[in-house]
Amino acid sequence: VKELASVARMSERGLRQAFIKHVGCTPGDRLRSMRIDSAKRLLAGSSEKIEVVAHRCGYPNLNSFFAAFRRMEKMTPAEYRRIMRFRS
């Protein structure tokens, strides 16, 4: 956020407020959402190990990935993969 605010020539607070006004969420929330969306595509469309998916989506470890995924999707990455494979 600090770097983005600098590029936009805004304060961090101003950037956050503008982001919420125009996007509907904080920059951090948007980043987390984008990471989970990427993970969902990889889980549904590949057979890569979950650890590899987590790393490719910017998570430093499997625990933080599982926690973020479960918080947003209300299921584990493995459960999501099984459901998506069943639907195909």
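Above this text is the structure in question.
Read on for an overview of the structure. Predicted model only: the values in this text are computed from it and were never measured.

All right, on to the packing of helix α3 (residues 27-45) against helix α6 (residues 77-87) then. Running from amino to carboxyl end, α3 crosses α6 at an angle of 55°, the nearest separation of the two axes being 8 Å. With respect to α6, the axis of α3 lies oblique. The interaxial crossing formed by α3 with α6 has right-handed handedness. Of the residues in α6, those in contact with Lys40, Leu42, Leu43 and Ala44 of α3 are Pro77, Tyr80, Arg81, Met84 and Arg85.

A negative phi holds for most residues other than glycine; trans holds for most peptide bonds. At Arg9, a position not held by glycine, the phi torsion is positive, near 55°. Here Arg9 lies in the loop between α1 (2-7) and α2 (12-23). By relative accessible area, Arg9 is classed as exposed at 81%.

With that settled, the discussion passes to the environment of Asn61. Structurally, Asn61 can be placed in the loop between α4 (50-56) and α5 (62-73). Residue class for Asn61 comes out partly exposed when judged on its relative accessible area of 38%. A C-alpha to C-alpha distance of 29 Å links Asn61 and Arg87, two positions 26 residues apart in sequence.

Attention now goes to the pattern of salt bridges. It is possible for side chains bearing opposite charge to pair when their charged atoms get close. Tallied over the full model, the rule gives three salt bridges. Asp29 serves as the salt-bridge partner of Arg32, at 2.8 Å between the closest nitrogen and oxygen. One end of the pair, Arg32, and the other, Asp29, are both in helix α3, three residues apart, so they sit about a helical turn from each other. With a relative accessible area of 40%, Arg32 lands in the partly exposed category. The exposure class assigned to Asp29 is partly exposed, which follows from its relative accessible area of 36%.

Once that is clear, we can look at the nonpolar core. In globular proteins that are soluble, nonpolar side chains generally tend to be buried together. Grouped together as the largest cluster of nonpolar side chains are 13 residues, with contacts concentrated most on Val53, Tyr59, Phe65 and Phe69. Mapped by element, the contributors of at least two residues to this core are α3, α4 and α5. Dropping the residues within four chain positions of it, Phe65 is found in contact with Ile36, Ala39, Ile50, Val53, Ala54, Tyr59 and Pro77.

Here the focus is α3. Residues lying three or four places apart along an α-helix face the same way, a consequence of the helix completing one turn every 3.6 residues. For α3, with 19 residues, the first-to-last C-alpha span of 27 Å sits near the 27 Å given by 1.5 Å per residue. By the burial criterion, the buried members of α3 are Pro27, Ser33, Ile36, Ala39, Leu42 and Leu43. The elements touched by buried residues of α3 are α2, α4, α5 and α6.

Reading the values: the criteria
- Residues numbered from 1 in each chain as written.
- Predicted model: local features only at pLDDT ≥ 70, side-chain atom pairs only at ≥ 80, totals over all residues.
- Heavy atoms only, no water.
- Axes fitted to C-alpha atoms, helices over the stretch in contact; angles between N-to-C directions.
- Helix = DSSP H or I, 4+ residues; strand = E, 2+ residues; numbered from the N terminus.
- Parallel < 35°, antiparallel > 145°, perpendicular 65-115°, else oblique.
- Left-handed = near helix turned anticlockwise from the far one by under 90°.
- Contact = heavy atoms within 4.5 Å.
- Buried < 20%, exposed > 50% of the residue type's maximum accessible area, 1.4 Å probe, protein only.
- Salt bridge = Lys/Arg side-chain N within 4 Å of Asp/Glu carboxyl O.
- Core = buried A, V, L, I, M, F, W, Y, C linked by side-chain atoms within 4.5 Å.
- Expected span 1.5 Å × (residues − 1).

Remember, this is a structural readout, not a statement about activity or role.
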